[in-house]
Amino acid sequence: MPYIGIVDDNPIALLHMRILLERAGFPDVRTHTDPRASLAAFKLEPPSVLLVDYLMPDLDGIELLGQLQAAGTTLHTPVAMVSGAEDLESMRLSAYRAGAIEVLAKPVNPQEFTLKVRNLARLSTVPLHGRFQSDFSPLVVPRSSRAAPAKTGAPRDDVPMLRMLEKVAAFRDDRTGKHTTRMAFYAAAIAHAYGLSIAQQDQLMEAAPLHDIGNIGCRDDVLRKGKGEQLDDEARVAMQQHTITGYELLRDSPSEAMQLAAEIALSHHECWDGSGYPLRLSGEHIALSGRIVAVADTFDALTTVRPYEPQWLAERARRVIKADSGKRFDPAVVDAFESAFDSLLRIKRHFDGGEVFAAVAASAH
Ligand SMILES: [Fe+2]
């Protein structure tokens, strides 16, 4: 089975490259963090295209390529060397000497990266069969560009699965259930103010409740710790893993709603300034769906009583979110949040049936 092989000791960089290539339509991308283990796997079944990180412990990219070349493994495999920008100039000639025909800078530029890999695939004598898209399919969802689903009137067969998965998520997280439904309404209201179509708002409303489904893979002790409690490094990494778990869980579904849910699961903790996780993407490299859900989720968290966390009133939440514009949040999404604020209060009132927010709504005018 033809496939793309990637070796990089940094699992996050590896995940980023794999996601970009899968999004571009490459059907089989196999990753290795351990170059020595990759040697054995590649000898058994050579990849159609190989991407190798330059700086790795034990065995660097040049040495790895040398060993693969000596074994005749990469005789028919186009190879690219990937490296941090600071090492590029010093390693370029060594990479070419070792058989690389491309040198790519990390962090990779998504569009350039997928186009270059596609060109490498054309050089391969082991053709990759896949649904390569003629144009780059970005992880980024540009403003108003997500295609609306076809309104054929045909019954959707993924809706029962979506509802079932919502219930699965609710089993693992006290906050889910009512929270996820309410948050999905917030997300749709913000999307409306942002200028997305009704169909796009509907898609977001369907997919957003699954944003934290990756928590089903999270350890109990980590999950129970509230935001107020200090997480040690190990627990923080375990907690952050819920984004990747959710993505991995949902990404293989052919359902468009499930694909969007996978995108949201992966991107809803990224920050506009690049300080988020898991991929530390910044600006419009972050999926728009994730940027919207990040604001909706935060608004809900700050206006909901949860264990270990004080209740924030809506006006205070509004100030907190505004203060994080351009840092945690996309400024354009925060503007949309501002425009949708009255709608959010109405949604909140609807779910709470409470008078507290009626008072806040009155003061907001
Ligand atoms: Fe989350």
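Residues numbered from 1 in each chain as written. Predicted model: local features only at pLDDT ≥ 70, side-chain atom pairs only at ≥ 80, totals over all residues. Heavy atoms only, no water.

(A) Spotlight on the overall build of the protein. Secondary structure summary: the protein contains 16 helices and five strands in total. A burial count over the protein gives 52% of its 365 residues as buried. Within the protein, contacts between residues at least 6 apart in sequence are counted, and of these 67% link residues at least 24 apart. For the protein, the accessible surface area stands at approximately 16,900 Å², while carbon and sulfur atoms represent 55% of it. (Helix = DSSP H or I, 4+ residues; strand = E, 2+ residues; numbered from the N terminus. Buried < 20%, exposed > 50% of the residue type's maximum accessible area, 1.4 Å probe, protein only. Contact = heavy atoms within 4.5 Å. Areas by Shrake-Rupley, 256 points an atom, 1.4 Å probe, with all protein chains shown as cover.)

(B) Molecular detail of helix H11 (residues 256-267). Here H11 contains 12 residues, and its C-alpha end-to-end distance of 17 Å stays within 8% of the 16 Å for a straight helix at 1.5 Å per residue. For H11, the buried fraction is high: 10 of the 12 residues fall into the buried class. At the N-terminal end of H11, a side-chain oxygen is found 3.3 Å from the backbone nitrogen of alanine 257, two or three residues along, and the residue is serine 255. (Expected span 1.5 Å × (residues − 1). Polar contact = N/O pair within 3.5 Å; in protein donor to acceptor, adjacent residues only side chain to side chain.)

(C) How the structure looks around the packing of aromatic side chains. As enumerated under the stated definition, the model contains four aromatic pairs in all. Geometrically, the ring pair formed by phenylalanine 299 and phenylalanine 341 is edge-to-face, given 6.1 Å between the ring centres and 80° between the ring planes. Residue phenylalanine 299 is found in helix H12 (residues 288-302), and its partner phenylalanine 341 is found in helix H15 (residues 341-352); the two are separated by 42 residues along the sequence. Assigned by exposure class, phenylalanine 299 and phenylalanine 341 land together as buried. (Phe/Tyr/Trp six-rings, centres within 6.5 Å; stacked < 30°, edge-to-face > 60°.)

(D) Geometry of the coordination of the iron ion. Those donors, Asp212 (OD), His242 (NE2), His268 (NE2) and His269 (NE2), are the protein atoms that reach the iron ion, and they lie 2.1 to 2.3 Å from it. Angles of 85 to 177° at the metal separate the four donor atoms of the iron ion, which places the site in the irregular class. The sequence motif formed by the donor residues of the iron ion is D-x29-H-x25-H-H. On the criterion of sequence distance, the pair formed by histidine 242 in helix H10 (residues 233-250) and histidine 269 in the loop between H11 and H12 is long-range, its members being 27 residues apart. A relative accessible area of 5% places histidine 242 in the buried class. Taking relative accessible area as the criterion, histidine 269 reaches 19% and is therefore assigned buried. (Donors = N, O, S within 2.8 Å, 3.2 Å for Na, K, Ca; no water. Tetrahedral: all angles 85-135°; square planar, octahedral: opposite > 155°, others 65-115°.)

(E) Spatial organisation of the sheet that holds strand S4 (residues 79-84). Spatial strand order, S2-S1-S3-S4-S5: five strands in an open sheet with parallel pairing. Looking at which strands have only one partner, the edges of the open sheet turn out to be strand S2 (29-32) and strand S5 (102-106). Put simply, the sheet's adjacent strands are angled 20° from each other on average, direction ignored. Where strand S3 (residues 49-53) and S4 come together, four bridges link them in parallel fashion. Across the sheet, residue leucine 51 finds its bridge partner in S4, namely alanine 80. Against the sheet, helix H5 (residues 110-123) touches strand S1 (4-7), S3, S4 and S5, its axis set at about 135° to S3. (Pairing = 2+ DSSP bridges. Axes fitted to C-alpha atoms, helices over the stretch in contact; angles between N-to-C directions.)

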